[in-house]
Amino acid sequence: MRKLTYYVGATVDGFIADPDGGYDFFPGLDAMMEFLIADWPETIPTAFRAQVGLENVANKRFDTVLMGRGTYQPALDAGIVSPYAHLRQYVVSRTIPEIADPGVELVSGDPTELVRRLKREDGLGIWLCGGGTLAGALFPEIDELVIKCYPVVIGSGIPLFAMKSEPNLFDLVDTRTFGNGAVVLTYTRK
């Protein structure tokens, strides 16, 4: 069965974006970017793949991406309707009336049923790209957390998970540290 991985950047204090959805406070970290390009190539948006030498690189971990509206909106604002054309793309939103690209499927219903269906299909993993509201709604279906923790504190913003929950335990299965204080933490559900 395929697994759902929440692969996301976060601040030390647990935010994936500022209160307005911005993320330009995340520092550019060259060593970390080299690692991400090598190990997580499909997470690089299609528009930038050629610039980093990924135009003909096969997907390693994922063939499907899920995004909430807040995660998808910056691409739309930049005139990009299909930000991950090298992946099967789903946008979960009750407020977007339609998407102009047939390569991006709009999901206005229950994202949990979508994920359960996708998990039963053959293929690579499913990447939950964001955001915090969608991650909260899909929390019971998340099999793996990969958190790119950046050495920055912003005090408020969009949390990793927008939900109320009982404590849930995960096992730390991998840690990758970088000289500038950034860390990539990988957890699996207990």
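Each chain has its residues counted from 1, running along the sequence as written. Predicted model: local features are reported for residues with pLDDT of at least 70 only, side-chain atom pairs are reported and counted for 80 or more only, and whole-chain, interface and lining totals are derived from all residues. Hydrogens and water molecules were not included; the side-chain quantities draw on all heavy atoms of the structure.

This part is about the sheet that holds strand E9 (residues 170–177). By this definition, two strands are paired if DSSP reports at least two bridges between them. Comment: elements are numbered from the N terminus, with helices defined as DSSP H or I runs of at least four residues and strands as E runs of at least two. Sheet architecture is open: eight strands sit in the order E5-E4-E3-E6-E1-E7-E10-E9, paired in mixed fashion. With partners counted over all chains shown, the strands left at the sheet margins are strand E5 (104–107) and E9, one partner each. Strand-to-strand twist across the sheet, computed as the mean angle between neighbouring axes with direction ignored, equals 20°. Sheet analysis places strand E3 (residues 62–68) next to strand E4 (residues 88–92), joined by five bridges and oriented parallel. Pairing of Met 67 across the sheet is with Val 91, part of E4. For this analysis, residues touch if any pair of their heavy atoms sits within 4.5 Å. Between N-to-C directions, angles span 0 to 180 degrees; the directions come from axes that are lines fitted to C-alpha atoms, helices contributing only their stretch in contact. Across the sheet, helix H3 (residues 69–77) touches E3, E4, E5 and strand E6 (125–130), and the angle it forms with E3 is around 95°.

Within the fold, Gly 123 resides in the loop between helix H4 (111–120) and E6. In this structure, the C-alpha to C-alpha distance between Gly 123 and Ile 99, residues 24 residues apart in sequence, is 24 Å. With residues near it in sequence (within four places) discarded, Gly 123 still touches Arg 2 and Asp 63.

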